[in-house]
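Chain and residue survey
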Amino acid sequence: MAEHAELHFSRTFEAPRELVFACMTDADHLTHFWGPAGISAPRDRMTVDARPGGAFTTVMVNDADGSEYPTNAVFDEVRPPELLIWTESHTGMRVRSEFFALGPDRTEVRIHQTFVPEAFLAPEVQAGFSSSLDRFAAYLAGLAA
Amino acid sequence: MVNYGSMTNQTDATLNASFAALADPTRRAIVSRLARGDATVTELAAPFAMSLPGISKHLKVLERSGLISRRRDAQFRPCHLEAGALDGALDWITTNRRLWDERLDKLDTLLADLQPTKKRSGPARG
């Protein structure tokens, strides 16, 4: 598979893989962590139909000023408890989450966020994106400092 | 305050063009070189096993994306990295990294709450 502009995130949790996977696919859990710091993700405005073709819609609400950030995505692959892929309808961004059991109560989550706007669909672009854009960003930020 | 709106709204054409331009390793190397100062096509081509027309093609892509500019008047037309041109792309990356960092922090707390009998080991970052 050709690589695109990808961002990678990974984190290890002290919890069984099934539970971590459930947190990512159950709105009752997602509502507690989907919004980053200072941002809520109300349960009653969330749809998580975790099956291929199912809707994944959320609204993040800024606690300070009430501004809203809606996101509409569709699940592409749902393979409990190891793989979850969805694509955002409005940005074309694809998010692939992999869950690895490091032990009975230890799970590593790897998230690959692929930025695939229309401009990326050109074959010459797909062929070229082989290294981490993230590393490049860090490098440039270092130059600017 | 991080602007989370910028990543949930329609991706704008400028950001698309920036990312597309940066999708190529040669173009990323050119941008890195220009971050240290202006350079002519010949100077830019030197580290690559690539013909001048080959490099020129990459420069045209970078120019169209607005990441670099070239002087029309000077004989050697030095290339110049546009200050701030990368800001949109860098902001997008920073915002997304922070979004997921903070989400995963909260998920770590939630998982500890869901397993009250377990000893909390604190966030382990991979």
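Because the structure is a prediction, the values reported are computed rather than measured.

Parameters and conventions
- Residues numbered from 1 in each chain as written.
- Chains lettered and ligands numbered in written order.
- Predicted model: local features only at pLDDT ≥ 70, side-chain atom pairs only at ≥ 80, totals over all residues.
- Heavy atoms only, no water.
- Buried < 20%, exposed > 50% of the residue type's maximum accessible area, 1.4 Å probe, protein only.
- Helix = DSSP H or I, 4+ residues; strand = E, 2+ residues; numbered from the N terminus.
- Core = buried A, V, L, I, M, F, W, Y, C linked by side-chain atoms within 4.5 Å.
- Contact = heavy atoms within 4.5 Å.
- Phe/Tyr/Trp six-rings, centres within 6.5 Å; stacked < 30°, edge-to-face > 60°.
- Lys NZ or Arg CZ within 6 Å of the ring centre and 35° of its normal.

The next thing to look at is helix H3 (residues 25–34) of chain B. A large share of H3(B) lies buried, amounting to seven of its 10 residues. Considered for burial, the residues of H3(B) that qualify are B:Thr26, B:Arg27, B:Arg28, B:Ile30, B:Val31, B:Ser32 and B:Leu34.

With that out of the way, let us pick up the nonpolar core. In this structure, A:Trp34, A:Trp86, B:Leu59 and B:Trp100 are the most contacted members of the largest nonpolar core, which totals 58 residues. The dominant element in this core, judged by the number of residues it contributes, is helix H6 (residues 87–114) of chain B, at nine residues. Discounting residues that sit within four places of it in the chain, B:Leu59 has contacts with B:Ile30, B:Val41, B:Leu44, B:Ile68, B:Arg70 and B:Cys79.

A separate point is the packing of aromatic side chains. The relative placement of two aromatic rings is captured by the distance of their centres and the angle of their planes. Per the stated rule, a full pass over the model turns up eight aromatic pairs over all chains. Note on A:Phe75 and A:Trp86: the rings are 6.3 Å apart at their centroids and 85° apart in plane angle, and the pair reads as edge-to-face. Note that A:Phe75 is positioned in strand E5 (residues 68–79) and A:Trp86 in strand E6 (residues 83–88), a separation of 11 residues in sequence. Residue A:Trp86 is classed as buried on the basis of its relative accessible area of 3%. Clustering of aromatic rings is evident, with ring pairs tying together A:Phe9, A:Trp34, A:Phe56, A:Phe75, A:Trp86 and B:Trp100. The residue whose ring lies beneath B:Arg103 is A:Trp34, and the NZ or CZ to ring-centre distance is 3.4 Å. Positioned above the aromatic ring of B:Trp100 is the side chain of B:Arg103, whose terminal nitrogen or guanidinium carbon lies 4.7 Å from the ring centre.

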